[in-house]
Amino acid sequence: MSFTQERREQIKGYILEKITERQDGIAKKTADNFQISLNSVYRYFREMEKDGIIKKGEKGYRLVNRQKTILLKRSKGELLEEDSIFKEYIEEYIKGLQDNVVRIWQYSFMEMMNNAIDHSLAEDVYLIVSQNYMDTTIMIVDNGVGIFQKIKDYYQYPELEDAIQELFKGKLTTDSEHHSGEGIFFTSRILDSFAAVSDGKIFAHDKFSEKLMDIAEEDALKNLTDGRGTIIYMRLSNFSKKVLKEVFDMFSDTDGGFVKTRVPVKNIFEMDPVSRSQAKRLCQRLDKFREVELDFEGVQDIGQGFAHELFVVFQNAHKEVRLTPVNASADIEKMIHHVKG
């Protein structure tokens, strides 16, 4: 049976996805899923092995990674400019990818590299670039002032967790004359996976434990970090359909202003929030936006004090801000209705 090129790519993509997920019995699953013979499946394995896409090890097939680590030393008087660094070290990895993917990487890398240059006061900045057929991962590792500590000190927050919480909202910067505070907000939403790790804390939209595990598996980090500074972890599918402008438009008005935000409540609090003090922390800087979506996915319930402070006290004081709860459970909706009533 002869397949179209599109069908062949689907089969190959399915196999690679299962290899990435480290599943067992991939050949049998592929044969069953696409109604083809095992001999046909094994032919795909041989072709991809020949093309250098996969290789066989003791525990089965793995994707072939090409990886490079680059040290940029400011202590030697080296002038660090994010666009030059991108062109010299990153462009070779992404120039053959789809235009939308290239644009996402241009934006994301330069925003995060600029943060490392301008904010961290680091002497050494490492770039770790890892790419296989499916994904590209870029990490920026500096030995400067940790990102959360920098924000905590600048805004005089009592805890590092307060700094992390504010990053979820966006419009947060320690240098308002030169930075808009949008870089981490949009970068963390346009990439498939993003994390900032510093001072033993992590900012990520993924499950924290899984993301820390992904980062810890990077062998190059074991020889680089001494506990200081910040690790920025970024990963994107080489075949991503995401479009940078569409993500910007989700949080902008017709004039292009950053007026909307979406706050994942489960990432702010370790347990379901119940108190007014928790609500007051959540309300910090929400008046910088016109529309705020409070995402309650993963939160089972909220306390009356928390709900009243947020949806009555804050809302009455800031009628120009529209608070919209999304993914709220029936219990949460009932509590919000109760305090408003």
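Counting restarts for each chain: residues are numbered from 1 in the order of the written sequence. Confidence filtering applies because this is a predicted model: local features only for residues at pLDDT of at least 70, side-chain atom pairs given and counted only at 80 or more, and all residues used for totals across whole chains, interfaces and linings. The side-chain numbers reported here are obtained from all heavy atoms of the structure, hydrogens and water having been left aside.

Student: Quick question: what am I supposed to make of the nonpolar core here?
Tutor: Side chains of nonpolar character tend, in soluble globular proteins, to be buried together. Buried Ala, Val, Leu, Ile, Met, Phe, Trp, Tyr and Cys residues form a nonpolar core when they are joined through side-chain atoms within 4.5 Å. Whether a residue is buried, partly exposed or exposed follows from its accessible area with a 1.4 Å probe, protein chains only, as a fraction of its type maximum: under 20%, in between, or over 50%, in that order. Ranked by internal contacts, the top residues of the largest apolar core, which has 76 residues, are Leu127, Ile140 and Leu294. Broken down by element, this core gets its largest block of residues, ten residues, from helix H5 (residues 99-118). If we skip the residues at most four places from it in the chain, Leu294 touches Val263, Val265, Leu282, Leu310, Phe311, Leu323, Thr324, Pro325 and Val326. Within the second largest apolar cluster, 19 residues are counted, among which are Ala31, Phe45, Ile54 and Met134. For helices the rule is a DSSP run of H or I covering at least 4 residues; for strands it is a run of E covering at least 2, with both sets numbered from the N terminus onward. The criterion used for residue contact is that any of the two residues' heavy atoms lie within 4.5 Å.

Student: Is there a simple way to think about the confidence of the model for the protein chain in this case?
Tutor: Where the model shows low pLDDT, its predicted coordinates should not be examined in detail. The pLDDT value expresses, per residue, how confident the predictor is, ranging between 0 and 100. Of all residues in the protein chain, 88% have pLDDT values of 70 or greater, and the mean over the chain is 86. Mean pLDDT values over the elements of the protein chain span from 64, in helix H9 (residues 208-216), up to 95, in helix H12 (residues 304-317).

Student: I tried to follow the pairing of strand S7 (residues 201-204) on my own but got confused; where do I start?
Tutor: Two strands are said to pair when DSSP picks up at least two bridges between them. Bridge analysis of strand S6 (residues 193-198) against S7 gives four bridges, and the strand direction is antiparallel. In the strand pairing of S7, Ser198 is matched with Lys201. Between S6 and the antiparallel strand that follows it, S7, lie two residues; Asp199 among them carries a positive phi value of about 55 degrees.

Student: Sorry, what's going on with the pattern of salt bridges here?
Tutor: For side chains of opposite charge, pairing can occur when their charged atoms come near one another. The working definition used for a salt bridge is a side-chain nitrogen of Lys or Arg within 4 Å of a carboxyl oxygen of Asp or Glu. For the coordinates displayed, the defined rule picks out 18 salt bridges. Its salt-bridge partner being Glu91, residue Lys87 comes within 3.7 Å of it at the nearest N-O pair. In this pair, Lys87 and Glu91 both sit in helix H4 (residues 82-94), four residues apart, roughly one turn of the helix. Judged by its relative accessible area of 55%, Lys87 falls in the exposed class. Asp295 is the salt-bridge partner of Arg262, the closest N and O atoms lying 3.5 Å from each other. Of this pair, Arg262 sits in strand S9 (residues 260-264) while Asp295 sits in strand S10 (residues 291-295), and the two are 33 residues apart along the sequence. Of the residues examined, Asp295 reaches a relative accessible area of 10% and is grouped as buried. Residues joined by salt bridges that share partners form a network here, namely Arg66, Lys68 and Glu92.

Student: Would you mind going over the pairing of S10 with me for this structure?
Tutor: For a regular strand, side chains alternate in direction, first toward one face of the sheet and then toward the other. Inspection of the sheet shows S9 paired to S10 by five bridges, in the parallel sense. What sits directly across from Lys260, in S10, is Glu291. Seen with its strands pointing away from the viewer, a crossover is right-handed if its path from the first strand over the helix to the second goes clockwise. Assessed by its sense of winding, the connection that carries the chain from S9 through helix H11 (residues 276-283) to S10 is right-handed. Bridge count between S10 and strand S11 (residues 322-326): five bridges; the pairing is parallel. When the sheet's bridge partners are listed, Leu294 is paired in S11 with Pro325.

Student: What is the right way to read the environment of Gln278 from this model?
Tutor: Among the structural elements, Gln278 can be located in helix H11. Residue Gln278 is classed as buried on the basis of its relative accessible area of 18%. As for Gln278 and Leu310, which are separated by 32 residues in sequence, their C-alpha atoms are 9.5 Å apart. For Gln278, the residues in contact, after removing those within four places along its chain, are Phe269, Pro273 and Phe306. Any pair of nitrogen or oxygen atoms within 3.5 Å is treated as a polar contact; in protein, a donor-acceptor pairing is required on top of that, and neighbouring residues in sequence qualify only through side-chain atoms on both sides. At 3.0 Å, the side chain of Gln278 and the backbone nitrogen of Ser275 are in polar contact.

Student: Could you clarify how one ought to interpret H5 in this entry?
Tutor: Along an α-helix, a turn takes 3.6 residues, which lines up residues three or four apart on a common side. For H5, which comprises 20 residues, the first-to-last C-alpha distance of 28 Å matches the rise-based estimate of 28 Å (1.5 Å per residue) to within 8%. In terms of burial, H5 is a largely internal element, 14 of the 20 residues being buried. One less than the residue count of a helix, multiplied by 1.5 Å, gives the span that helix is expected to have.

Student: Would you explain the packing of aromatic side chains in this entry?
Tutor: Only Phe, Tyr and Trp rings are paired, with Trp represented by its six-membered ring, and only when their centres lie within 6.5 Å; those with planes under 30 degrees apart are stacked, over 60 edge-to-face, the remainder tilted. Under the criterion given, the structure shown has 17 aromatic pairs. Geometrically, the ring pair formed by Phe86 and Phe109 is tilted, given 5.9 Å between the ring centres and 45 degrees between the ring planes. Here Phe109 lies in helix H5 and Phe86 lies in helix H4, a separation of 23 residues in the sequence. Both residues of the pair, Phe86 and Phe109, count as buried. With a centroid separation of 5.5 Å and 15 degrees between ring planes, the pair formed by Tyr155 and Tyr157 is classed as stacked. Pairwise contacts between aromatic rings join Tyr107, Phe185, Phe186, Phe248, Phe251, Phe258 and Phe289 into one cluster. Across the ring face of Tyr93, the terminal group of Arg66 is positioned such that the distance to the ring centre comes to 4.2 Å. The criterion for a charge sitting over a ring is simple: Lys NZ or Arg CZ within 6 Å of the ring centre, and within 35 degrees of the ring normal. A cation over a ring is seen here: Arg189 above Phe185, with NZ or CZ 3.7 Å from the ring centre.

Student: For this particular structure, what's the right way to read the sheet that holds S7?
Tutor: Neighbouring strands of a sheet are bound in pairs by backbone hydrogen bonds; such pairs are parallel or else antiparallel. Read from one edge to the other, the open sheet built from six strands follows the order S3-S4-S5-S8-S6-S7, with strand pairing classed as antiparallel. Strands at the two margins of the open sheet, each flanked by one partner only, are strand S3 (66-73) and S7. Here the average twist between neighbouring strands, direction ignored, is 15 degrees. Where S3 and strand S4 (residues 124-131) come together, eight bridges link them in antiparallel fashion. From the neighbouring strand, Leu72 faces S4, where its bridge partner is Val125. Here an axis means a line fitted to C-alpha atoms, over the contact stretch when the element is a helix, while the angle between two N-to-C directions is reported on a 0 to 180 degree scale.

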